[in-house]
Amino acid sequence: QVQLVESGGGLVQAGGSLRLSCAASPSIFNINNGGWYRQAPGKQRELVATITRDSTTNYADSVKGRFTISRDNARKTVYLQMDSLKPEDTAIYYCYSLGIWGQGTQVTVSS
């Protein structure tokens, strides 16, 4: 019944920014623990960032200082703010929470 609905992906030039959103639907479900993962062509899916129920955050070394994971106060939506994007950030980004995956959203960074 529960779904994670992702949005915010797109095409951006190197050095640009995007903000991804992951919303729990229906809204009665809370996101207490959540994470963002990404999968580039020919690569395994890798962890990008996590947030726990006490709001502790962790990041992959490759994105530390450039990406920020956050959550709205109602715990309905998790965000991934991506700044200073690089071509190697190009991947399909997936949200994970509540035991399920979001549908994925494509992020493409051109050089």
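Criteria and cut-off values
- Residues numbered from 1 in each chain as written.
- Predicted model: local features only at pLDDT ≥ 70, side-chain atom pairs only at ≥ 80, totals over all residues.
- Heavy atoms only, no water.
- Helix = DSSP H or I, 4+ residues; strand = E, 2+ residues; numbered from the N terminus.
- Contact = heavy atoms within 4.5 Å.
- Polar contact = N/O pair within 3.5 Å; in protein donor to acceptor, adjacent residues only side chain to side chain.
- Core = buried A, V, L, I, M, F, W, Y, C linked by side-chain atoms within 4.5 Å.
- Buried < 20%, exposed > 50% of the residue type's maximum accessible area, 1.4 Å probe, protein only.
- Pairing = 2+ DSSP bridges.

## Side note on the environment of K76
For K76, the position within the fold is in the loop between β7 (67–71) and β8 (77–82). Spatially, the C-alpha atom of K76 lies 20 Å from that of V48, the residues being 28 residues apart in sequence. Aside from chain neighbours lying at most four places away, what touches K76 is C22, A23, A24, S27, I28, F29, N30 and I31. Among the polar contacts listed, one links the side chain of K76 to the side chain of N30, at a separation of 2.6 Å.

## Section: the nonpolar core
Within the largest apolar cluster, 24 residues are counted, with the highest numbers of intra-cluster contacts made by W36, V48, F67, L80, M82 and Y93. Those elements that provide at least two residues to this core are β3 (18–25), β5 (46–51), β7, β8, β9 (91–97) and β11 (105–110). With residues near it in sequence (within four places) discarded, L80 still touches L18, R19, L20, W36, V48, A49, F67, T68, I69 and Y93.

## With respect to the pairing of strand β4 (residues 34–39)
Across five bridges, β4 lies against β5 in antiparallel orientation. By the bridge assignment for β5, W36 is matched with A49. Counting the residues between successive antiparallel strands, the hairpin from β4 to β5 contains six residues, one of them, G42, with a positive phi of roughly 75°. As paired elements, β4 and β9 share six bridges and run antiparallel to each other. Within the sheet, the bridge partner assigned to W36 lies in β9 and is C95.

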